[in-house]
Amino acid sequence: MQQPVPDTVSVSARPSLGLAALFGETPACGAQPTITTDGSDPCSLACSQQACPAADQVASVSPALTSDEIAPTHAPPIAVGDATAPAAPAAKPAPALGMVGLGRMGGNIVRRLARSGIFSVLNDVQQAMVGALADELPECVPSASMADMAAKLPTPRVVWVMVPASVADVTIASVAAVLDAGDIVIDGGNSYYRNDVENARKLAERGIHFVDVGTSGGVHGLERGYSLMIGGETAIVQHLDPIFRALAPGMDAAERTPGRTGEPATSELGYFHCGPSGAGHYVKMIHNGIEYGMMAAFAEGLGIFEAAKHGTPQYNLDLSHITEVWRRGSVVASWLLDLIAHALQEDPGLTGYSTAVSDSGEGRWTVQAAIELGIPAHVLSASLFSRFASRDNDDYANRVLSAMRKKFGGHNETHGKPASS
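Values in this document were obtained by computation on a predicted structure and should not be read as measured data.

Structural notes on the overall build of the protein
Here's step 1: Within the protein one finds 18 helices and 8 strands.
Here's step 2: When each of the 421 residues of the protein is scored for burial, the buried share is 41%.
Here's step 3: Long-range pairs, those at least 24 residues apart, make up 66% of the contacts in the protein between residues at least 6 apart in sequence.
Here's step 4: Summed over its atoms, the accessible surface of the protein is roughly 22800 Å², and 58% of this surface lies on carbon and sulfur atoms.

Spelled out as structure tokens, the structure:
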């Protein structure tokens, strides 16, 4: 069974270059870091110097440093009060990763990382979006092409792809074409988990690592943080821990589950290594399938309330206040309910919203997975089909029903909807 990522990163007496490279630092010795997947020390493999100038200072540090406590440089610190020490020039911080796709999710991921001092090389098919975000975040670096982005990243390179699932595979291939062995590609969108397995296989042939990250949080993730479901090699996921930790909501996002004690697991911070390639998006897929069911349940219940004014007896119910009272102490209290209450406060009749509801793929994949495993998924499948019906995809089937009723019973339903059937 795949083991979860630990909350601490062990550090040997010789400092590892991998995490330093993630933040764009180059050691004084000039060694180029490598990432290992067998637990060996990447510094000792990459560095030709048998006597490391920083080993002494690191050796005295506890061997269980948290990832944000590891010193990001090989060079020893200048002593306080050293009059001979040269003044450090103000320099633009080196980028830690490239971000491909600067839409609502990708752009906000860049912004949230920047708040933690982790800066990106920006890339998007729309150069206007690159320029606008670079102006907003001067520490981030614009790029004009995939190759330009790769040239501006320290090695081993980390590139996060945040694009729609329909173009994810071709985008990942374009990114990989400008990368080298040892580099890392992260797919943070809503890709199909089976595609992840294939992408990981193709990239591995060139020595490039692949990590899939199911990312939940939507447009509110910038402030609330992102729930991250991660798939990939353990050593690579550990290497990327500072990025995931910066994006996650943190311990304060929810009360601690009774029975959990000691050092918090990464899942309690809002990110979790679910398993090998594809596992992250598999977990996110089922998450979204459940979301479909929860949304449908709220929609159907409130639909009954709205129709109660035509019932016997008639109830003219204020849905805005009902959803507000449910938010406080109710079993169905949730973030989805919070969003409903907000929408009803702004637009009580919801007249500004469509009656046709889209589906983005994960609901279909969830139902397919249930069929493949022989697991009943009544609610999840019904919620998906209700979205199809909302787009009048059942129009012809309903005409067939009406035709049969007329032929065997003389029921004429040609003009409008009958009051009852």
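So that's the structure; there's more coming.
Points about the nonpolar core
Here's step 1: Counting 36 residues, the largest nonpolar core has Trp160, Val211, Leu240, Ile243 and Phe244 as the members making the most contacts within it.
Here's step 2: Counting residues in each nonpolar core, the second largest holds 20 residues, with Ala168, Leu179, Val185 and Phe210 among its members.

Focus: the sheet that holds strand β4 (residues 158-161)
Here's step 1: Strands sit in the order β3-β2-β1-β4-β5-β6-β7-β8 across an open sheet of 8 strands; the sheet is mixed. What marks the edges here is a single partner per strand, and that holds for β3 (141-142) and β8 (271-275).
Here's step 2: Here β4 runs beside strand β5 (residues 184-187); their pairing, made up of 4 bridges, is parallel. If you follow Val161 over to β5, its bridge partner there is Asp187.
Here's step 3: Relative to the sheet, helix α4 (residues 104-115) contacts β1 (97-100), β2 (120-123), β4 and β6 (209-216), its axis offset from that of β1 by approximately 155°.

As for the packing of aromatic side chains
Here's step 1: Scanning the entire structure with this criterion turns up 6 aromatic pairs.
Here's step 2: Relative to Trp326, the ring of Phe305 lies with its centre 5.8 Å away and its plane at 45°, an arrangement referred to as tilted. Note that Phe305 is positioned in helix α13 (residues 279-307) and Trp326 in helix α14 (residues 319-326), a separation of 21 residues in sequence.
Here's step 3: The class for Phe305 is partly exposed, based on a relative accessible area of 24%.
Here's step 4: One aromatic cluster in this structure is built from Tyr192, Tyr193, Tyr282 and Trp365.
Here's step 5: It is Arg224 that lies over the ring of Trp335; its NZ or CZ is 4.0 Å from the centre.
Here's step 6: In this arrangement the basic side chain of Arg387 is found over the ring face of Tyr292, its NZ or CZ atom lying 3.7 Å from the centre.

Scoring rules and cut-offs
- Residues numbered from 1 in each chain as written.
- Predicted model: local features only at pLDDT ≥ 70, side-chain atom pairs only at ≥ 80, totals over all residues.
- Heavy atoms only, no water.
- Helix = DSSP H or I, 4+ residues; strand = E, 2+ residues; numbered from the N terminus.
- Buried < 20%, exposed > 50% of the residue type's maximum accessible area, 1.4 Å probe, protein only.
- Contact = heavy atoms within 4.5 Å.
- Areas by Shrake-Rupley, 256 points an atom, 1.4 Å probe, with all protein chains shown as cover.
- Core = buried A, V, L, I, M, F, W, Y, C linked by side-chain atoms within 4.5 Å.
- Pairing = 2+ DSSP bridges.
- Axes fitted to C-alpha atoms, helices over the stretch in contact; angles between N-to-C directions.
- Phe/Tyr/Trp six-rings, centres within 6.5 Å; stacked < 30°, edge-to-face > 60°.
- Lys NZ or Arg CZ within 6 Å of the ring centre and 35° of its normal.

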